[in-house]
Amino acid sequence: DGSPCRILPADRIDVVPDPLDPNKAVQVGLACRPDLHLIRDLTAAVDPKTVGAIRDSMAAVMPALAAVADTTQTFAPGLGLILKHILKPDAERLRAQLAALQADREREAAKEIRAAVDDWLSARDVVAVVRSRVALEGERVRGLEVRKAAGEAVEAELRRAELDKIKADVELVREAAKWKQADVKARQAMGLLCGL
């Protein structure tokens, strides 16, 4: 409507000053991730009576296993029945498969968490650099306002400095948003965005 207003958000942008420790983040992630909890729960529930149900649950976790099961049912439906009788439920073998799956998932999770923490730390450092630039631009504007109040002809330079300050503010908001996205990705990788 033409009335003066703030272009940028009035909310204060706070970026956590303490860095994430990659080793602690991996420990938290390995303890909190729901996919790893599922594998642990399935391993704990293995007995001769539950082998079939757990294999079906594993098919949901491991798409390759689901594809083999679908192919068996599609191309040789009777083969599945014969295989069930030939390959009797073996709880120990299933437990070993689950242990291997868990070890693989934990390695993948650790890599994913470390990468997310690295992105988090990089984004946080960029915010700190841009925040310093905002402070410098603010100092420059204040210095030029003092000179203008003293009667010096610095109007054009002051307008340029104000524009540079606004650009720095916009860049700060943009980089803070990138940091927040990195924060969400790190929490997601650590399994902290969903309840247990």
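Note that this is a predicted model, so its numbers are computed, not measured.

### A word on the environment of Glu171
Phase 1: Note on placement: Glu171 falls in helix H7 (residues 155-190).
Phase 2: With 38 residues separating them in the primary sequence, Glu171 and Arg133 have C-alpha atoms 9.7 Å apart.
Phase 3: Each residue touching Glu171, except ones within four places of it in the same chain, is listed here: Val130 and Arg133.

### Considering the confidence of the model for the chain
Phase 1: Across the chain, pLDDT averages 81, with 75% of residues at or above 70.
Phase 2: Mean pLDDT across the secondary structure elements of the chain bottoms out at helix H4 (residues 63-75), with 50, and peaks at H7, with 93.

### Here's the deal with the side chain of Arg33
Phase 1: Structurally, Arg33 is set in the loop between helix H1 (22-32) and helix H2 (34-44).
Phase 2: Residue classification places Arg33 among the buried positions, given a relative accessible area of 11%.
Phase 3: One polar contact links Arg33 to Asp35, side chain to side chain, over a distance of 3.1 Å.
Phase 4: Each residue touching Arg33, except ones within four places of it in the same chain, is listed here: Ala109, Glu112, Ile113, Ala189, Met190 and Gly191.

### Some points on the pattern of salt bridges
Phase 1: Tallied over the entire structure, the rule returns 19 salt bridges.
Phase 2: Between Glu139 and Arg142 there is a salt bridge, with the nearest N and O atoms lying 3.1 Å from each other. You can see Glu139 and its partner Arg142 sitting in helix H6 (residues 91-149), 3 residues apart, about one turn around the helix.
Phase 3: Residue class for Arg142 comes out partly exposed when judged on its relative accessible area of 45%.
Phase 4: Ionic contacts of the salt-bridge type, sharing partners, join the residues Arg33, Asp35, Arg105 and Glu112 into one network.

### Some points on the environment of Asp125
Phase 1: As for its position among the elements, Asp125 is in helix H6.
Phase 2: On a C-alpha basis, the gap between Asp125 and Glu175 in space is 9.8 Å, while along the polypeptide they are 50 residues apart.

### Observations regarding the packing of H1 against H2
Phase 1: Close contact between H1 and H2 brings their axes to 6 Å; oriented N to C, the two are set at 50°. As summarised for this structure, H1 and H2 are arranged oblique, according to the angle between their axes. Contacts between H1 and H2 involve Gly29, Leu30, Ala31 and Cys32 on the former and, on the latter, Pro34, Leu36, His37 and Arg40.
Phase 2: Split into classes, the residues belonging to the contact of H1 with H2 amount to 5 nonpolar, 2 polar and 1 charged.

Definitions and cut-offs
Residues numbered from 1 in each chain as written. Predicted model: local features only at pLDDT ≥ 70, side-chain atom pairs only at ≥ 80, totals over all residues. Heavy atoms only, no water. Helix = DSSP H or I, 4+ residues; strand = E, 2+ residues; numbered from the N terminus. Contact = heavy atoms within 4.5 Å. pLDDT = per-residue confidence, 0-100. Buried < 20%, exposed > 50% of the residue type's maximum accessible area, 1.4 Å probe, protein only. Polar contact = N/O pair within 3.5 Å; in protein donor to acceptor, adjacent residues only side chain to side chain. Salt bridge = Lys/Arg side-chain N within 4 Å of Asp/Glu carboxyl O. Axes fitted to C-alpha atoms, helices over the stretch in contact; angles between N-to-C directions. Parallel < 35°, antiparallel > 145°, perpendicular 65-115°, else oblique. Nonpolar A, V, L, I, M, F, W, Y, C, P; charged D, E, K, R; others polar.

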